[in-house]
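Summary of the model geometry
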Amino acid sequence: MIASLYQLYEKYPDISTDTRNILPQSIFFCLKGENFNGNTFARQALANGAAYVVSDDSANLDLPNTIIVPNVLETLQQLALYHRKQLAIPVIGITGTNGKTTTKELVNAVLSQHYKTACTKGNFNNHIGVPLTLLSIRSNDEIAVVEMGANHAGEIAELCDLALPTAGIVTNIGKAHLEGFGSIEHIIETKTALYRSVLQNNGQIFINIDDPILTGYFETLGIFDANHGNPPSTPFSCYSQFNKEVVHGSVICQNPCLKINLFGEKVNTNMTGAYNIYNILSAVAVGIHFGITKTQIIHALQSYIPDNNRSQVVAKNGMTLIADYYNANPTSMEAALRNLASLEEAKKYAILGDMLELGESSPDEHKRVIELCQELNIPTFFIGCEFAKHAGMNNFFFKNIEDFNRQIDMDRFRDATILVKGSRGLKLELTNIVKYIADEKK
């Protein structure tokens, strides 16, 4: 059945899953979730311009151009795998606890200097997003960059079985989605599945040799020595801030955007956060491996402008907003706070929202963030029920955004640099400080 469906896909290569933005002459897959059932929109999909519908509800049998399958999601994944096996191009898989979307964007920016590159859109990096990314790869694409995310044990291995990556980057491994993983050991095992898949496909691994968790994984296998490097015949492309024998770069300063030393030149970026140096270096390593020139790499890095509220800097009327509130976990929260503390601005604040999906460790992890803010002497406003459980530690706690907006005077933030960070579910874009600066941009 998949082979015959693939013939249909070759004629109608666009895939749709939402009737609100359906692509004309696409194949609509009736996906289901906890709060929706795409099967109920099959008729609407055809009316809105879909060429065919794939459904697993027999109630749609009488609809024209409708293919009934046992399971729509499994069929989407099988079709994506079938398509992947027809491709003879490099496929770079990217995963990690923090920075994977930024790294994906940087890698894409660098490779696009020379190649026609297919790339994950936004953060479509799960069991639905990865198949959709694979099915977006066209016959004239020369390289694909596929982001892979996970919130439970074993998920990266499942995504690798679909993407069959020929190269891979694990940005880092830290505490995130502990509720789904259960332990940091399970996170390490899950993320390093990308390494195992790439090695199985005789591919190339790009590795930060300054990271003891990443290098330690290979050292325990006896196939990598971070202290002495590896000969060119090994499947490792290494990068570092400190080892000049490999792809090397370092932070010069940030004010608040990063200026780095790369190839002996000073390179200005549009990103904030010293922690982004490794995301940058991974893209540099990929570029060098695939023959991108140093001039092209520098141009890509200087031209890249972050979006989606990740490491963005917005300055208006003396106020500087560091927008980093797409997501948050203990590792990324600490990095963002230490980065804020390192800035030389005289007046600094942090507005922090709860970190979600931490399970039983949530109280301790939120308490550690509060203690870190006190240690770094950063005046901080905490928003959310998890932080509010520790309200005795500080005067600036708010159960929700409405409380924050009602109680905080905007004049407090004049001439200040403000970090806004928290899990996506907190919707920190609704805080009055973010809305004010967004309005000022119009």
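This text follows the structure it describes.
The rules behind these values
Residues numbered from 1 in each chain as written. Predicted model: local features only at pLDDT ≥ 70, side-chain atom pairs only at ≥ 80, totals over all residues. Heavy atoms only, no water. Helix = DSSP H or I, 4+ residues; strand = E, 2+ residues; numbered from the N terminus. Rg over C-alpha atoms; globule rule 2.2 N^0.38 Å. Buried < 20%, exposed > 50% of the residue type's maximum accessible area, 1.4 Å probe, protein only. Areas by Shrake-Rupley, 256 points an atom, 1.4 Å probe, with all protein chains shown as cover. Lys, Arg positive; Asp, Glu negative; His and termini not counted. Charge placed at Lys NZ, Arg CZ, Asp CG, Glu CD. Expected span 1.5 Å × (residues − 1). Phe/Tyr/Trp six-rings, centres within 6.5 Å; stacked < 30°, edge-to-face > 60°. Pairing = 2+ DSSP bridges. Axes fitted to C-alpha atoms, helices over the stretch in contact; angles between N-to-C directions. Core = buried A, V, L, I, M, F, W, Y, C linked by side-chain atoms within 4.5 Å. Contact = heavy atoms within 4.5 Å. Polar contact = N/O pair within 3.5 Å; in protein donor to acceptor, adjacent residues only side chain to side chain.

Another aspect to go through is the overall build of the chain. When its secondary structure is counted, the chain shows 17 helices and 19 strands. At 23 Å, the chain has a C-alpha radius of gyration in line with the 22 Å of a compact globule built from 442 residues. When the backbone C-alpha atoms are referred to their principal axes, the chain occupies close to 65 × 55 × 40 Å. Counting the 442 residues in the chain, one finds 53% classified as buried. Accessible area for the chain stands at about 19,700 Å²; split by element, carbon and sulfur atoms hold 47% of it. Of note, the chain has its 36 positive side-chain charges centred 5 Å away from the centre of its 45 negative side-chain charges.

End to end, helix H4 (residues 100-111) covers 16 Å across 12 residues, agreeing with the expected 16 Å (1.5 Å per residue, within 8%). Of all 12 residues that make up H4, 11 are buried, and the element is covered over most of its length. Among the residues making up H4, those that are buried are Lys100, Thr101, Thr102, Thr103, Lys104, Leu106, Val107, Asn108, Ala109, Val110 and Leu111.

Turning to the packing of aromatic side chains, a few remarks are in order. If you walk through the whole model with that rule in mind, you get 15 aromatic pairs. An angle of 80° between the planes, with centres 4.9 Å apart, marks the rings of Phe218 and Phe236 as edge-to-face. Of this pair, Phe218 sits in helix H10 (residues 212-221) while Phe236 sits in strand E10 (residues 236-240), and the two are 18 residues apart along the sequence. No difference in accessibility class separates Phe218 from Phe236, as the two residues are buried. An aromatic cluster is built from Tyr349, Phe381, Phe396, Phe398, Phe404 and Phe413, whose rings are joined through pairwise contacts.

Moving on to the sheet that holds strand E12 (residues 257-262). Taken in spatial order, the nine strands line up as E6-E7-E5-E8-E9-E10-E11-E12-E13 in an open sheet, and their pairing is mixed. Each edge of the open sheet carries a strand with a single partner, namely strand E6 (117-119) and strand E13 (265-272). Taking the axes of each pair of neighbouring strands and ignoring which way they run, one obtains an average angle of 20° across the sheet. Relative to strand E7 (residues 143-147), E6 runs parallel, the two sharing three bridges.

In this section: the nonpolar core. Of all hydrophobic cores here, the largest spans 58 residues; its most connected members are Phe29, Met148 and Ile207. With five residues, the top contributor of residues to this core is helix H6 (residues 155-163). Of all hydrophobic cores here, the second largest spans 35 residues; its members include Ile143, Met271, Val284 and Val286.

What follows is about the sheet that holds strand E3 (residues 52-55). Taken in spatial order, the four strands line up as E1-E2-E3-E4 in an open sheet, and their pairing is parallel. Here the strands that pair on one side only, and so sit at the sheet edges, are strand E1 (15-16) and strand E4 (66-68). Here three bridges tie strand E2 (residues 27-29) to E3, and the two strands are oriented parallel to one another. Counterpart to Ile27 in the pairing with E3 is Tyr52. Set on the sheet, helix H3 (residues 72-86) makes contact with E1, E2 and E3; between it and E2 the angle comes to about 130°.

The next thing to look at is the side chain of Gln254. Within the fold, Gln254 resides in strand E11 (residues 247-254). Here the side chain of Gln254 touches Gly273 through a polar contact of 3.2 Å, landing on its backbone nitrogen. Polar contacts involving the side chain of Gln254 include one to the side chain of Ser342, which spans 3.3 Å. Among all residues touching Gln254, those that are not within four sequence positions of it are Thr272, Gly273, Ala274, Asn339, Ser342 and Leu343.

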